[in-house]
Protein chains: 4
Amino acid sequence: MDLRNFVDVNSRRKALEAHLNIDLSNMGTYSLDTEQASTKNCENMIGIVQVPLGIAGPIAIRNPQSAIRNYYIPLATTEGALVASVSRGCKAVTESGGVTVFSKKIGITRAPVFRVQNISEGNNVINWLEKNFSQIAEIAKSSSEHLTLLAIKPWLLGRSLYVRFSFDTQDAMGMNMATIAASVIAEFIEKETKIHCVAVSGNMCVDKKPNYLNFIEGRGYNILAECLISEKIITSVLKTEKAKILEVSERKLHQASILSGTIGSNAHIANVLSAIFLATGQDIAHVSECSMGVTTVEDDKEGLYISVYLPDLVVGTVGGGTSLATQKEALRIMGLDAQKEKGTGQKLAEIIGAAVLAGEISLLASLAENSLTKAHKKLGRGIK
Amino acid sequence: MDLRNFVDVNSRRKALEAHLNIDLSNMGTYSLDTEQASTKNCENMIGIVQVPLGIAGPIAIRNPQSAIRNYYIPLATTEGALVASVSRGCKAVTESGGVTVFSKKIGITRAPVFRVQNISEGNNVINWLEKNFSQIAEIAKSSSEHLTLLAIKPWLLGRSLYVRFSFDTQDAMGMNMATIAASVIAEFIEKETKIHCVAVSGNMCVDKKPNYLNFIEGRGYNILAECLISEKIITSVLKTEKAKILEVSERKLHQASILSGTIGSNAHIANVLSAIFLATGQDIAHVSECSMGVTTVEDDKEGLYISVYLPDLVVGTVGGGTSLATQKEALRIMGLDAQKEKGTGQKLAEIIGAAVLAGEISLLASLAENSLTKAHKKLGRGIK
Amino acid sequence: MDLRNFVDVNSRRKALEAHLNIDLSNMGTYSLDTEQASTKNCENMIGIVQVPLGIAGPIAIRNPQSAIRNYYIPLATTEGALVASVSRGCKAVTESGGVTVFSKKIGITRAPVFRVQNISEGNNVINWLEKNFSQIAEIAKSSSEHLTLLAIKPWLLGRSLYVRFSFDTQDAMGMNMATIAASVIAEFIEKETKIHCVAVSGNMCVDKKPNYLNFIEGRGYNILAECLISEKIITSVLKTEKAKILEVSERKLHQASILSGTIGSNAHIANVLSAIFLATGQDIAHVSECSMGVTTVEDDKEGLYISVYLPDLVVGTVGGGTSLATQKEALRIMGLDAQKEKGTGQKLAEIIGAAVLAGEISLLASLAENSLTKAHKKLGRGIK
Amino acid sequence: MDLRNFVDVNSRRKALEAHLNIDLSNMGTYSLDTEQASTKNCENMIGIVQVPLGIAGPIAIRNPQSAIRNYYIPLATTEGALVASVSRGCKAVTESGGVTVFSKKIGITRAPVFRVQNISEGNNVINWLEKNFSQIAEIAKSSSEHLTLLAIKPWLLGRSLYVRFSFDTQDAMGMNMATIAASVIAEFIEKETKIHCVAVSGNMCVDKKPNYLNFIEGRGYNILAECLISEKIITSVLKTEKAKILEVSERKLHQASILSGTIGSNAHIANVLSAIFLATGQDIAHVSECSMGVTTVEDDKEGLYISVYLPDLVVGTVGGGTSLATQKEALRIMGLDAQKEKGTGQKLAEIIGAAVLAGEISLLASLAENSLTKAHKKLGRGIK
């Protein structure tokens, strides 16, 4: 049966139901605009998947440019205990004065790979790229007015020349725009230098794989978040002791991350991050790279200092899944409306950083206080 | 506003709407069982997120135990072009005789960390663990009849003793069961050996982080899939040439993966994998580790040999998000009903392996044939 | 000029001197047996390189099988301050009661790569290997009576089948023996299974490259060493304070190792290890993998607990460079004479572990107390 | 026995001989200047280690700035077959027209770690560093006229601020100079910004550990070398076939390097590199990082294209072990005399790149043609 033959979502779903003799009626229950979704987000669409959405928070967040503000965090998840755990973390950090977040736009990257005859030709092209930056930037801009070329970084390996372009794509995550811009630039490079573009994506991008290049150089937004949690709140909200959290941090975060060859070092960044990604229409395949992050915990005379570092946070508030009805609502919960103001992409990145920090401190505290007998009776899903 | 104060999903959502002065009505449109979802999957639930679901395939799959069979692949995604691309790959492999898949159950792992006084005590406990394997296995079984202890692997690093337990959890992904079992075992170890369990999850599990330990030793299911694609199909379906795909493979997969410090080497495994995860109720935070994989492409006198290796595929067909209405329907599309037969978890892993392979060959072909002028006019989202 | 035309070392060196019009007389000053060296260790030999040898210690070492004993440590190095720094560390650990070392023989590994037609054939060969372990072990033994097959670990990736053999080679490092054994076994596998051996070394060995496989599974010897250093000795010998060493450890060892994507986490294991390797005739190319190690430092109510973990220590006391005159003398300084007793290879590994620990604590203390004004006046080479 | 009590090398050695009742007379046979060696290179010196030195080559090398020229390569090694294997590679590449080498000075790096109160303070210091680059460069210069500050790269992780300084140290490897400069700069930063320097080496240097940061950003010299080897020479000199080398390259270099989590991808770079390091007085502990490299092999209509990439080659021709008598002679064999001309450090790096390439092609050919029956009869040490 060729699923492309059907004119709309419903007829396609019904045909599949008949063909497989199964019931897909829940998939047919939705409110989103199928015209939009089936043309922009998903081919051969037959319906939707419903994922439970919970709310954590409020969490108090400040950044250097703004006063402190409270946010509710939408988390789409099927794993019990996550929302409760993040909520507890939000309470702990908020009562400690809030999370301070710093963000830097690194830009989305795309790196075509070219074939050169030899290293000499490769070096010549690298020099040419440097000299023609402004013309290349103009060509990039011609592909979309929403996109600006930020940087070009080349790598030469034998006959393979990789050129990593970084773009500012305003509030869009921008992978699609970046690919179009990279392909136009690659065409220009081919014409001017006579080298051949083997693939517009040469895996030095690096898109959707865990890798050290992005971890070290950054991609999307680079986030640093921190909070100083008082001893009182460690006792009253987190129900444990400072020394216990520090020991968990030393043995679980530091030593085991090294021993297991983990990229980064954290408790469960992927959990919180992927739940917000799903709620807000981000590309969840990016969890593969965005989940690389480092959590640090330090003793402080006033309590515990905790920080989170996310060097590769690829998100946006325009385009892709963010245009869908429920995802747009999730963004509104955090006051993010790309139509109304600029910079909502960066704000989303900052909120994710703060929410991830709340998730980290909550899980570290749970592990620290783990009462094993209680645990096996009603553990739920709190431990990752 | 304390969101825990509300008795049900609707009143909580409405309170949030009023509090923030926004409309969340799309989140309120769903058919799932909120009683079940709000108690088992998601605290502080206010509604659902709707994610478009498309169908790729059919794809012909064979494994050593079964005859060849066709499957439709449900893909929940918001990224245009993915379903179309996977569908093209399904056509190419199916017309080439199908994908052959081999799977091995490694088991889900959980690794508590204990504190020992010194290496000597650590070694004594390691010996004790070896001698008491069968008693530990019994204790594990007592925590759940669906769980069986498969292996114990210890690591000692100074005063930190990590004990990685692998469990067979039947058709469940089993992380929750494994945590409960590990906590019961840890309690037994504490009682018998007098060492202290610092955390029931010591990050040698390794759960939800990209890491070399899982990549090398495996976790969940270990999948190998392969297909021999004829020259004719390369031309007719994939619209490109063998030599071009081989060159993309060499420069993009091999050289750039090494140069960028990527774990694994592939085109876009994360894309296909995360779309099936989302459709079928898997824990999408696992994309962080499950997306580690290797794609190999080899010249063959009859065409192209392509294989995919997924050593860390953590999936299930029972529990977690798989119990939700639409996710259950997605599993049914692939004929997977854990209530009716055993082994559906492993079958799901095999189907994912085959679908990932279809996605790899399709994208490699697109990149190989990339006509740049066409690309920037109507690229969509086909390149990752 | 063809250097192979000369009958001996001196005539070859003199010919080169004449040809290049340079003086190489220092290279001609030596006492080693050129007949032996030029046939077994080095082709086209023209003389020797003289490397300064210093002595650190004594250092008190105990292992579970033996009483405590003092050792002098020979260090061949050209980097000033290293011997002095290790000596200070030896003093600190010896006055603290000595270093306790535990070692495990993992065995030397060699992994041929075979080509299979498909995964099915690969799996059949893997099953065949398992069933024929004892026959394969016999064949290995037939290649050398000093060698015993310990384990076989296969990996299948598409059409590439890697078979990692681990061997006990008694007190020899054994890479050569292992390669011969692997080639004989590969020949047997080819004959019996009809698959083709593409290369006797397929890089899953992994020989002489930094890699996570060896770091996680071990190679050669696996060493754990520890010491509890009292507060008094931290003050009197190491001239610093506990808290300062702990802070250096946290920021330098833990956080920076994660942030930089370092395999392992340590201060300067490579320094001490390579100096002993050079002194005792080890293969210094192995520094590439053997330098992967982890140093942990923990607060203790009685002082500082420090441990070192070396999972991939490839050394021996028989064969290779260990037969040369000065190298043999260096081994004798540590009481290691393979002709007189068995187990000297493992003892050497243990002594290296202890010496590395002494080097770690000494450098961490230097960094902790770094008086910058003094440093730039007479720093020498103490900081790595 | 306190070894520091002795006035000279001989009396110290004799005391040790008497104390341990062993003979160390070979260690006492040397021609180097003990006054110099025992004060600058090695404390508690008792003599020397003699390492056999062989000569490979000649090898024809060209770089973009110079005409082609032949070099003999000094290799200090105790591993039989290495010199012979490199010699064969030299012959193959020389008869193919020589190796073309490109080099770039990245500079030696040293990265102190500072403690900041919070991220805000860290960011302020980062801004301050940027604004004060020229003053910092002057301070660096004041520590040594041979040193020039090239770049400053900061990383902030919670309360840890790492500042990676890159220096041009002319023809010296320069680690010592860089440390002194970094300590003077750190003192200036402490004074001006009031933050505390925790350690002058904070492991983001990264010195003497295998790590992705250096692999990606480079350290010392960045080398690219290439050669096109004709089919005729593959047959006549390398005694094998193009297709066989390509298959070894695919399965051993590409697939296994990915599968084993190796940094880089090569046959035995560490072997050749460490033998030249030892011959020429380099710091052999640097093998831990310098051995990270990538070898690529490509089919070409005229034969085989092979390239080598060494992004982290830390070498020099002034200072450290390069001042010793035999090491100086080894440098002279390659025409390198830092007293006579500038740029010999970079030339040494280029020669190493070319020699490493010769070693790679020779071993790949040996593996490709491996006749197993012959191998186990007289294998020597040719396979790494």
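Residues numbered from 1 in each chain as written. Chains lettered and ligands numbered in written order. Predicted model: local features only at pLDDT ≥ 70, side-chain atom pairs only at ≥ 80, totals over all residues. Heavy atoms only, no water.

Looking only at helices and strands, one finds 14 helices and 10 strands in chain A. The C-alpha radius of gyration computed for chain A amounts to 23 Å, which stays within 12% of the reference 21 Å derived for 384 residues, consistent with globular compactness. Sorting the 384 residues of chain A into buried and exposed places 70% on the buried side. Taking the intrachain contacts of chain A between residues at least 6 apart in sequence as the baseline, contacts between residues at least 24 apart amount to 72%. (Helix = DSSP H or I, 4+ residues; strand = E, 2+ residues; numbered from the N terminus. Rg over C-alpha atoms; globule rule 2.2 N^0.38 Å. Buried < 20%, exposed > 50% of the residue type's maximum accessible area, 1.4 Å probe, protein only. Contact = heavy atoms within 4.5 Å.)

A few words on the relation of the copies chain C and chain B. Once chain C is rotated about the relating axis by 180° and shifted along it by 0.0 Å, it coincides with chain B to within an RMSD of 0.0 Å. Both copies are brought into coincidence by an operation consistent with a two-fold rotation axis. Minimal C-alpha distance to the rotation axis in chain C is attained by C:Y212, lying at 3.3 Å. Comparing interface residues between copies, 97% of those in chain C also lie at the interface in chain B; the contact surface is shared. (Least-squares fit on C-alpha atoms with pLDDT ≥ 70 in both.)

Another aspect to go through is the interface of chain C and chain B. Contacts between the two partners involve 29 residues from chain C, matched on the other side by 28 residues from chain B. Taking both sides of the interface into account, the surface hidden between chain C and chain B amounts to around 2,300 Å²; carbon and sulfur atoms contribute 64%. Contact with chain B buries surface across chain C, with C:I119, C:R159 and C:I216 losing the most and accounting together for 28% of the total. On the surface where chain C and chain B come into contact, there are 2 salt bridges. (Buried area = accessible area lost by both parts, 1.4 Å probe. Salt bridge = Lys/Arg side-chain N within 4 Å of Asp/Glu carboxyl O.)

Right, let's talk about the nonpolar core for a bit. Core analysis: the largest hydrophobic core is formed by 577 residues, its most contacted members being A:L313, B:L313, C:L313 and D:L313. Once residues within four sequence positions are removed from consideration, D:L313 is found in contact with D:R219, D:G220, D:Y221, D:I223, D:L273, D:F277, D:C290, D:A349 and D:I352. (Core = buried A, V, L, I, M, F, W, Y, C linked by side-chain atoms within 4.5 Å.)

This part is about the pattern of salt bridges. For the coordinates displayed, the defined rule picks out 65 salt bridges over all chains. A salt bridge links B:R251 to D:E298; its shortest N-O distance comes to 2.6 Å. In this pair, B:R251 is assigned in helix α9 (residues 242-259) and D:E298 in strand β9 (residues 294-300), connecting two distinct chains. Exposure class is identical for B:R251 and D:E298. Each is buried. Taking the shortest distance from any N to any O, the salt bridge between C:R115 and D:E247 comes out at 2.7 Å. Of this pair, C:R115 sits in strand β4 (residues 113-115) while D:E247 is found in helix α9 (residues 242-259), placing the two residues in two different chains.

Right, let's talk about the interface of chain B and chain A for a bit. Interface size is often expressed as the accessible area that is lost when the parts come together. The partner chain A presents 131 residues to the 130 residues of chain B that form the contact. Counting the contacts that link chain B with chain A gives 2 salt bridges. Linking chain B with chain A are 67 residue pairs in polar contact (both at pLDDT 80 or more). Residue contributions to the side of chain B that touches chain A peak at 13 residues, all from strand β1 (residues 45-62) of chain B. Among the residues forming the side of chain B that touches chain A, the class breakdown is 66 nonpolar, 44 polar and 20 charged. Two elements, strand β1 (residues 45-63) of chain A and β1(B), share 9 bridges in a ladder whose sense is antiparallel. Note on β1(B): the bridge partner recorded for A:G54 is B:M45. (Polar contact = N/O pair within 3.5 Å; in protein donor to acceptor, adjacent residues only side chain to side chain. Nonpolar A, V, L, I, M, F, W, Y, C, P; charged D, E, K, R; others polar. Pairing = 2+ DSSP bridges.)

This next bit is on the confidence of the model for chain A. Residues and elements named next belong to chain A. Averaged over every residue, the pLDDT of chain A is 95; residues scoring 70 or more account for 96%. Residue range residues 379-384 is modelled with pLDDT below 50. Its contacts to residues more than four positions away, or to other chains, number 32 contacts. Across the whole predicted complex the pTM is 0.97, and at the interface the ipTM reaches 0.96. (pLDDT = per-residue confidence, 0-100.)

Here the focus is helix α10 (residues 269-279) of chain D. Residue and element names in this part refer to chain D. Extensive coverage of α10 is indicated by the burial of 11 of its 11 residues. Those residues of α10 not exposed but buried are I269, A270, N271, V272, L273, S274, A275, I276, F277, L278 and A279. G281 occupies a position one or two residues after α10 and carries a positive phi of about 80°.

The next subject is the relation of the copies chain B and chain A. When chain B is fitted to chain A, the best match, at an RMSD of 0.0 Å, comes from turning it 180° and sliding it 0.0 Å along the axis. Mapped onto chain A, 100% of the interface residues of chain B are again interface residues, and the two copies thus contact each other with one and the same surface.

So, on to the packing of aromatic side chains. Taken as a whole and assessed by the stated rule, the structure comprises 14 aromatic pairs over all chains. Seen in terms of ring centroids, A:Y212 and D:Y212 are 4.3 Å apart; in terms of plane orientation they differ by 10°. Their pairing is stacked. Here A:Y212 is found in helix α7 (residues 212-217), whereas its partner D:Y212 is found in helix α7 (residues 212-217) on a different chain. Accessibility classification places A:Y212 together with D:Y212 in one group, the buried group. Aromatic rings pair up to connect A:Y212, A:F215, D:Y212 and D:F215 into one cluster. Note that C:R159 overlies the ring of B:Y305, its terminal NZ or CZ placed 4.1 Å from the centroid. (Phe/Tyr/Trp six-rings, centres within 6.5 Å; stacked < 30°, edge-to-face > 60°. Lys NZ or Arg CZ within 6 Å of the ring centre and 35° of its normal.)

Before going further, it helps to spend a moment on helix α9 (residues 242-259) of chain A. With 18 residues, α9(A) should cover 26 Å at 1.5 Å per step; its first-to-last C-alpha distance of 25 Å lies within 8% of that length. With 15 of 18 residues buried, α9(A) is to be regarded as a mostly interior element. (Expected span 1.5 Å × (residues − 1).)

What follows concerns unusual backbone geometry. Residue and element names in this part refer to chain C. For the bond from G57 to P58, the omega torsion is 10°, close enough to zero to count as cis. In this fold, P58 is placed in strand β1 (residues 45-63). Phi is positive for K194, close to 65°, though the residue is something other than glycine. Looking at the secondary structure, you find K194 in the loop between α6 (175-193) and β7 (196-199). For K194, a relative accessible area of 67% translates into the label exposed.

In this fold, C:N26 is placed in the loop between α1 (9-20) and α2 (34-41). Setting aside residues no more than four positions away along its own chain, C:N26 makes contact with C:Q50, D:S31, D:A325, D:T326 and D:E329.

Tracing the chain through its elements places A:V49 in strand β1. The class for A:V49 is buried, based on a relative accessible area of 0%. Each C-alpha atom of the pair A:V49 and A:L16 lies 16 Å from the other, and the pair is 33 residues apart in sequence. For A:V49, the residues in contact, after removing those within four places along its chain, are B:V49, B:Q50, B:V51, B:L53, B:A76, B:L278, B:A279, B:T326 and B:Q327.

To continue, consider the pairing of β9(D). Residue and element names in this part refer to chain D. Here β9 lies mainly inside the structure; 6 of its 7 residues are buried. Across 7 bridges, the pairing between β9 and strand β10 (residues 303-313) is antiparallel. Bridge assignment links V297 to a residue of β10, and that residue is I306. Adjacent in sequence and paired antiparallel, β9 and β10 are bridged by 2 residues.

The next thing to look at is the state of the cysteines. Evaluation of the coordinates by the stated rule reveals 0 disulfides over all chains. Residue B:C290 stays outside any disulfide, its sulfur separated by 14 Å from that of B:C205, the closest cysteine. (Disulfide = S-S within 2.5 Å.)

Here the focus is the packing of helix α5 (residues 133-143) of chain D against helix α6 (residues 175-193) of chain D. Angle between the axes and distance between the axes: these two values describe a pair of packed helices. Residue and element names in this part refer to chain D. Here α5 crosses α6 at 135°, and the two axes come no closer than 9 Å. Relative to α6, α5 is oriented oblique. Pair α5 / α6 crosses with right-handed handedness. Residues Q135, I136, I139, A140 and S143 of α5 form the contact with α6, whose own contacting residues are I180, A181, V184, I185 and F188. Classifying every residue of the contact of α5 with α6 by side-chain character gives 8 nonpolar, 2 polar and no charged. (Axes fitted to C-alpha atoms, helices over the stretch in contact; angles between N-to-C directions. Parallel < 35°, antiparallel > 145°, perpendicular 65-115°, else oblique. Left-handed = near helix turned anticlockwise from the far one by under 90°.)

Examined against the element boundaries, A:K209 turns out to sit in the loop between β7 (196-199) and α7. Buried and unpaired, A:K209 has no salt bridge, with A:D207 as the nearest side chain of opposite charge at 6.0 Å. Here A:N203 takes part through its side chain, which lies 3.1 Å from a polar atom of the side chain of A:K209. Only 2.7 Å separates the side chain of A:K209 from the backbone oxygen of B:A267, close enough to count as a polar contact. (Lys, Arg positive; Asp, Glu negative; His and termini not counted.)

Looking now at the environment of D:R115. The exposure class assigned to D:R115 is partly exposed, which follows from its relative accessible area of 32%. Note: C-alpha distance between D:R115 and D:E43 (72 residues apart in sequence) is 34 Å. Ignoring anything within four residues of it in the chain, the contact list for D:R115 reads C:E247, C:R251, D:R159, D:I195, D:H196 and D:V198. Polar side-chain contacts of D:R115 include one of 2.7 Å to the side chain of C:E247.

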